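# Reading the structure
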Amino acid sequence: MSNIVVVAEVRGGALKRPSLEAVTAALQLAGQSGAKVAVIACGAGLDAACAELGKSGAHKVVAIDGPAFANYSGDAYAKAVVEQCKALAASAVLMAHTAMGKDLLPRVSALLDTGIVTDVVAVGFEGGAFTAKKPVFAGKATLAVRAAKAPFVATLRPNNFAAAAGGAGAETQKVAAPGGNLLSVVKEIVASGGGKTPLQEAKVVVAGGRGLKEAQHFKMIEDLAAAFGPGVAAVGASRAIVDAGWRPHSEQVGQTGKVVSPPLYFAIGISGAIQHIAGMRTARTIVAINQDADAPIFKIADFGIVGDAFEVVPALTTAIAAIVAGK
Amino acid sequence: MDIVVCIKRVPATDTAIKIAADGKSIDPTGVTFELNAYDEFALEQALRIKEQLNAGSVTVVTIGPKECKKQLDDALARGADKAVLLSTTEWVYDGASTAAALAAWIKTVPCNLVLCGRQAVDSDNNQLPANLAGRLGFACVTEVSKLALDNGVFTAERDIEGAREVVTCKTPAVVSCHKGLNEPRYANLKGIMAAKKKPFVEQPVQLGSKAMEIVALTLPPARAAGKIVGTGVDAVPALIAALREIKVL
């Protein structure tokens with residue numbers, strides 16, 4: 001029987017949540033196409049990640065485990081993943097559209113001599129062919145495609161599928177990570193911002209823009225994010241304040257920054273330029289706080305407050321901190 | 001070091017997209033095209049590497065319509081040595097066929113480094129560089145915002161979720177470039193004059209069958225108009241209540 005294969009992302013022994021979202025998509029495709037779900041994980045010391053994956057609903061977990069794979073190498077991982085995809089008779093290969101997914105899966109698709117569709121928000125199986133939808137032109141349009149080559153390879157936008165949970169224990173197969181000549185390899189990972197919640201994985205994004213007037217006022221954005229408790233919210237920034245040097249580019253949300261789809265997005269002092277909206281329009285709920293009642297951001301926000309961020313945001317921070325403390 | 005820079009001509013980022021009558025492509029009427037923003041960083045980095053080594057060549061290549069000559073001429077004016085237009089009238093969106101055509105061409109020229117933008121802002125694929133590397137058997141590092149070359153080995157830095165990765169990368173390599181890598185130069189008059197004498201090659205390319213066939217290109221549903229819950233600090237309780245009602249708080 002063929003397998004819908006998920007390539008899991010494990011960093012420092014920890015399974016990254018978007019991997020479980022990919023399992024959800026894989027289970028859907030497996031149901032539609034009559035296949036099983038197998039997960040491939042690469043790394044060194046994968047037992048904890050495999051235990052978690054084993055309870056995701058996947059039927060099988062293949063762990064390519066060993067010191068040679070302690071650090072990510074696009075070429076070495078791709079070669080090992082492709083070998084396992086062939087052994088698993090993969091009809092589809094899915095991975096999250098993360099920094100690692102974007103680096104790894106195109107190479108996997110090339111080695112499998114097949115196509116790839118990236119940053120996918122919906123998958124399907126219709127009339128014997130895999131299908132996918134993805135935003136193009138920074139979300140100004142949606143492209144629907146049908147795979148004409150096998151296997152179907154896709155990266156999935158994070159925060160777009162629910163994380164899989166509640167399966168029975170899957171069979172786990174261990175494969176020794178092959179050593180050898182690495183063309184590129186990660187030498188060091190430097191935590192930026194002291195273990196902050198990654199922007200694209202955060203359940204809440206609090207973003208600030210030029211309406212904050214001065215770089216030092218960004219602290220109120222950080223305070224509101226912190227009010228949600230540890231590991232929940234991340235801060236984002238508009239292009240204007242990144243270009244002004246107030247915030248690093250890694251926090252920029254928009255067409256030339258990051259595209260985020262959190263359940264809850266706060267746009268504070270952000271007018272809503274086309275290129276910013278491209279980066280956050282798929283958030284489930286958008287809250288805008290802006291002094292200008294005519295700001296375009298209010299046309300796409302679910303809830304808006306017209307007012308001075310300097311008054312509204314601290315009050316909101318206090319109210320949310322009280323709710324979080326009460327939970 | 002012989003460097004190939006892959007560029008793409010794309011609709012300007014402030015373009016409002018309209019769908020063509022075929023329901024599978026954009027209506028180009030009134031659309032302004034420009035060099036893909038991320039490709040500017042790739043071209044600039046190529047020129048800097050050539051300057052650092054004081055040797056080698058920079059060839060800029062694209063797959064696209066004849067109108068791409070404008071973007072290629074601009075690249076020559078900024079300092080590239082040679083421009084190649086692999087011409088087609090098709091929309092270049094399919095990763096596999098594009099990477100295959102580019103890899104086939106790259107194999108015919110001297111090349112130990114391919115530089116690309118991290119993604120083209122039309123198809124938003126972010127897959128060509130690693131795809132190309134796989135087909136060429138080159139090392140690869142993507143979305144790089146800092147790059148140093150020492151003795152034929154690159155040290156690259158790139159942002160990942162919540163951290164920054166330092167990657168070493170051998171040559172030959174494909175490197176995709178992100179914002180922050182450098183400040184691109186613009187063409188000056190001397191460069192524009194010099195460009196007229198530089199080699200420009202145009203040859204047709206067959207992209208072949210697509211691995212991903214377009215079913216439809218549609219505009220996303222507009223977000224339902226929201227609600228202003230109030231004005232000023234007094235509106236905070238109403239906002240909290242609204243967020244609690246839909247269970248996001």
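These notes cover the structure that comes with them. (Residues numbered from 1 in each chain as written. Chains lettered and ligands numbered in written order. Predicted model: local features only at pLDDT ≥ 70, side-chain atom pairs only at ≥ 80, totals over all residues. Heavy atoms only, no water.)

## Some thoughts on the sheet that holds strand 5 (residues 60-65) of chain A
Residue and element names in this part refer to chain A. Taken together, seven strands build an open sheet; the order of strands is 7-11-6-1-4-5-12 and the sheet is parallel. Of all strands in the sheet, those bounded by a partner on one side alone are strand 7 (117-120) and strand 12 (171-176). Neighbouring strand axes in the sheet, compared pairwise and without regard to direction, differ in orientation by 20° on average. Bridge count for strand 6 (residues 90-96) against strand 11 (residues 152-156) is five bridges, and the pairing is parallel. When the bridges of strand 11 are listed, Leu94 appears paired with Ala154. In the packing of helix 3 (residues 74-87) onto the sheet, contacts are made with strand 1 (3-7), strand 4 (36-43), strand 5, strand 6 and strand 12, and the angle to strand 4 comes to roughly 155°. (Pairing = 2+ DSSP bridges. Helix = DSSP H or I, 4+ residues; strand = E, 2+ residues; numbered from the N terminus. Axes fitted to C-alpha atoms, helices over the stretch in contact; angles between N-to-C directions. Contact = heavy atoms within 4.5 Å.)

## Points about helix 1 (residues 37-53) of chain B
End to end, helix 1 of chain B covers 26 Å across 17 residues, agreeing with the expected 24 Å (1.5 Å per residue, within 8%). Among the residues trailing helix 1 of chain B, B:Asn54 stands out with phi positive, at a value near 55°. (Expected span 1.5 Å × (residues − 1).)

## Overview of the interface of chain A and chain B
Across the contact, 90 residues belong to chain A and 79 residues belong to chain B. Across the chain A/chain B interface, buried area totals approximately 6,900 Å², and carbon plus sulfur atoms make up 58% of it. Scanning the region where chain A abuts chain B turns up five salt bridges. Two residues, A:Lys102 and B:Glu143, come together in a salt bridge whose shortest N-O distance is 3.2 Å. (Buried area = accessible area lost by both parts, 1.4 Å probe. Salt bridge = Lys/Arg side-chain N within 4 Å of Asp/Glu carboxyl O.)

## Here's the deal with the sheet that holds strand 8 (residues 122-126) of chain A
Strands pair in a sheet through their backbones, by hydrogen bonds, and they do so in one of two ways: parallel or antiparallel. Spatially, four strands are ordered 8(A)-9(A)-10(A)-12(B) in an open sheet, and the strand pairing comes out antiparallel. For this open sheet the edge positions go to strand 8 of chain A together with strand 12 (212-218) of chain B, each flanked by a neighbour on one side alone. Mean inter-strand twist for the sheet, computed between neighbouring axes without regard to direction, equals 25°. Examined bridge by bridge, strand 9 (residues 129-136) of chain A and strand 10 (residues 141-147) of chain A share six bridges and lie antiparallel to one another.

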